[in-house]
Amino acid sequence: MQDLYDLTLEEMKTYVTGLGEKPFRAGQVYRWLYQGVSDFGQMRNVPQALRARLEEEALIGSLTILKKQSASDGTRKYLFRLADGNTIESVFMRYSYGNSLCVSSQAGCRMGCRFCASQMKGLARNLTAGEILGQLKRAQADTGEKVDHIVVMGSGEPFDNYAELARFLTIVHEKEGLNLSRRNITVSTCGLVPGIERFGKEFPQVNLAISLHAPSDEIRQTMMPVNRRYPLAEVVAAAKKHAEMTGRRVTFEYALVNGVNDRDEDARALIRLLSGLLCHVNLIPLNKVEGTGFDTVSRARAYEFMELLTKGGIPATVRRELGAEIDAACGQLRLNG
Ligand code: SAH
């Protein structure tokens, strides 16, 4: 079965002409898809024969909602089943500036960050572009609300699945489709340098976030195995190049871990590391994950750390905590629910 969410408009043209139809039918089908119809019968201007054909061999998204949890702050966490039985999670959040959806890019993850729940069972598989997009379409249908911002910060490492991430970024931006502005999308990476470089060239308008979490190799190594492959200096150099090339501010995520990276000297080292770089540091008091041995800090300590950074000339904020009561916060999404 062909998941139609997997197709760019160009590919949809190839697909419908392959079924013996005129290319302009592709635009019609595409517009219906992204207006949110859930079955082919609703595609009124599409000929009956084509609708019947699509019914037989195509799908409008392949995800089903297995479970949904709502928090009092409006956050909703979805557990989706993929066609092959794997499961992934997405988180819908309400902010003053609109609705945001945190999507997964892989089922599981193989990056092995020690403080994160998503990597505990390793990588099951990459998601297709249609499965990434499907999370958005299903969340919109379920909430009845439009998603204005997408953050690719759910389970998985997006640059470990670059090809499908790139297709997803193309499909969401199609004029005949969702037509979502690239500036409303943020992709977060643990620091795969070749991915950062390619992404900057191919998608300069999409926001880049980098999970830094430490001001030195020594500390970062204890938290993130990926640091052995791409040490801090290379990651920061790639970020700097990215900011200069795109003119856009890079976000650094920094999960504060008690006694590991939250000391005053860590703030000072971070200031030295990032000074002169067009960036913003997003501080997140570590969300607790059982069995990792890492401990969180108080919000008060997070604000002190923020003060140190801002006084040192590095813009920083403490991330609002959403969805913790339903384990929907960063690093709490796991494979197999
Ligand atoms: N693989 C990508 C995107 C997914 S993780 C990346 O590493 O950026 C999204 C963010 O949540 C990352 O910054 C990640 O490091 C952070 N994170 C993971 N576990 C966390 C935890 N327990 N507490 C707070 N943040 C966490």
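Nothing here was measured: the structure is a model prediction, and the numbers come from that model.

## Details of the sheet that holds strand β14 (residues 316-318)
The strands making up a sheet associate through backbone hydrogen bonding, with each pair oriented either parallel or antiparallel. The strand order across the open sheet built from 10 strands is β3-β4-β5-β6-β9-β10-β11-β12-β13-β14, with neighbouring strands paired in mixed fashion. Edge positions in the open sheet fall to β3 (64-70) and β14, since each of these has one partner strand only. On average, each strand axis in the sheet is tilted by 20 degrees relative to the strand beside it, whichever way the strands run. Where strand β10 (residues 185-189) and strand β11 (residues 207-211) come together, four bridges link them in parallel fashion. Pairing of Val 187 across the sheet is with Leu 208, part of β11. The sheet contacts of helix α9 (residues 232-246) involve β11 and β12 (250-256), and relative to β12 the element is tilted by about 145 degrees.

## Let's talk about the packing of helix α1 (residues 9-18) against helix α2 (residues 24-35)
Between α1 and α2, the shortest axis-to-axis distance is 8 Å and the interhelical angle comes to 125 degrees. Taken together, the axis directions place α1 and α2 in an arrangement best described as oblique. Of the two elements, α1 crosses α2, and the hand of that crossing is right-handed. Residues Leu 9, Met 12, Lys 13 and Val 16 of α1 pack against Arg 25, Ala 26, Gly 27, Val 29, Tyr 30 and Leu 33 of α2. Tallied by class, the residues present in the contact of α1 with α2 amount to seven nonpolar, one polar and two charged.

## With respect to the packing of helix α4 (residues 129-143) against helix α5 (residues 162-173)
Packing of α4 against α5 leaves a shortest axis separation of 8 Å and a crossing angle of 50 degrees. Overall, the two elements α4 and α5 adopt an arrangement that is oblique. The handedness of the crossing between α4 and α5 comes out as right-handed. Between α4 and α5, the residues in contact are Ala 129, Ile 132 and Leu 133 and Glu 164, Arg 167, Phe 168, Ile 171 and Val 172, respectively.

## So, the packing of aromatic side chains
Applying the stated criterion across every chain, the model contains nine aromatic pairs. Seen from their ring centres, Tyr 30 and Tyr 34 are 5.0 Å apart, and the 50 degrees between their planes marks the pair as tilted. Of this pair, Tyr 30 and Tyr 34 both sit in helix α2, four residues apart, which is roughly one turn of the helix. Of the two residues, Tyr 30 and Tyr 34, both sit in the buried class. On the basis of an interplanar angle of 5 degrees and a centroid distance of 5.1 Å, the ring pair of Tyr 95 and Tyr 97 is categorised as stacked. Look at Tyr 97 and you get exposed, because its relative accessible area is 52%. Aromatic rings pair up to connect Phe 159, Tyr 162, Phe 199 and Phe 203 into one cluster.

## What to know about the layout of surface pockets
In this structure, the second largest pocket occupies an estimated 200 Å³ of space. In terms of residue count, the dominant contributor to the lining of the second largest pocket is α4 (four residues). For the lining of the second largest pocket, the class distribution of residues is six nonpolar, four polar and two charged.

## Structural notes on the environment of Gly 61
Topologically, Gly 61 is positioned in the loop between β2 (58-59) and β3. Separated by 73 residues in the primary sequence, Gly 61 and Gly 134 place their C-alpha atoms 5.5 Å from one another. If sequence neighbours within four positions are ignored, Gly 61 has contacts with Asp 3, Tyr 5 and Arg 138.

## Section: the site of the ligand
Contacts to the ligand come from 19 residues, most closely from Gly 156, Ser 188, Ser 211, His 213 and Asn 287. Contacts to the ligand include Ser 188, whose side-chain N or O atom sits 2.6 Å from an oxygen atom. Between an oxygen atom of the ligand and a main-chain N or O atom of Thr 189, the distance comes to 3.4 Å. The fraction of the free accessible surface of the ligand (530 Å²) that becomes covered by protein chains is 96%. Elements with a minimum of two residues in the shell around the ligand: β10 and β12.

## Considering the pattern of salt bridges
A complete count under the given rule lists 22 salt bridges for this structure. Between Arg 125 and Asp 84 there is a salt bridge, with the nearest N and O atoms lying 2.6 Å from each other. Note that Arg 125 is positioned in strand β8 (residues 123-126) and Asp 84 in the loop between β4 (76-81) and β5 (87-95), a separation of 41 residues in sequence. Its relative accessible area of 44% is what places Asp 84 among the partly exposed residues. Connected through salt bridges with shared partners, the residues Glu 11, Glu 164 and Arg 167 form a single ionic network.

## Description of helix α11 (residues 299-311)
If you check α11, its first and last C-alpha atoms are 18 Å apart, about what 13 residues at 1.5 Å a residue would give, namely 18 Å. Packing partners of the buried residues in α11 comprise β12, α10 (264-274), β13 (279-285) and β14. With its phi angle positive at about 90 degrees, Gly 313 sits one or two positions after the end of α11.

Parameters at a glance
Residues numbered from 1 in each chain as written. Predicted model: local features only at pLDDT ≥ 70, side-chain atom pairs only at ≥ 80, totals over all residues. Heavy atoms only, no water. Pairing = 2+ DSSP bridges. Helix = DSSP H or I, 4+ residues; strand = E, 2+ residues; numbered from the N terminus. Axes fitted to C-alpha atoms, helices over the stretch in contact; angles between N-to-C directions. Contact = heavy atoms within 4.5 Å. Parallel < 35°, antiparallel > 145°, perpendicular 65-115°, else oblique. Left-handed = near helix turned anticlockwise from the far one by under 90°. Nonpolar A, V, L, I, M, F, W, Y, C, P; charged D, E, K, R; others polar. Phe/Tyr/Trp six-rings, centres within 6.5 Å; stacked < 30°, edge-to-face > 60°. Buried < 20%, exposed > 50% of the residue type's maximum accessible area, 1.4 Å probe, protein only. 1 Å grid on protein atoms, 1.4 Å probe; cavity = no way out; pocket = protein on both sides within 12 Å on 5 of 7 lines; lining within 4 Å. Points joined across faces, edges and corners; volume = space filled by probe spheres on them. Near = heavy atom within 4 Å. Polar contact = N/O pair within 3.5 Å; in protein donor to acceptor, adjacent residues only side chain to side chain. Areas by Shrake-Rupley, 256 points an atom, 1.4 Å probe, with all protein chains shown as cover. Salt bridge = Lys/Arg side-chain N within 4 Å of Asp/Glu carboxyl O. Expected span 1.5 Å × (residues − 1).

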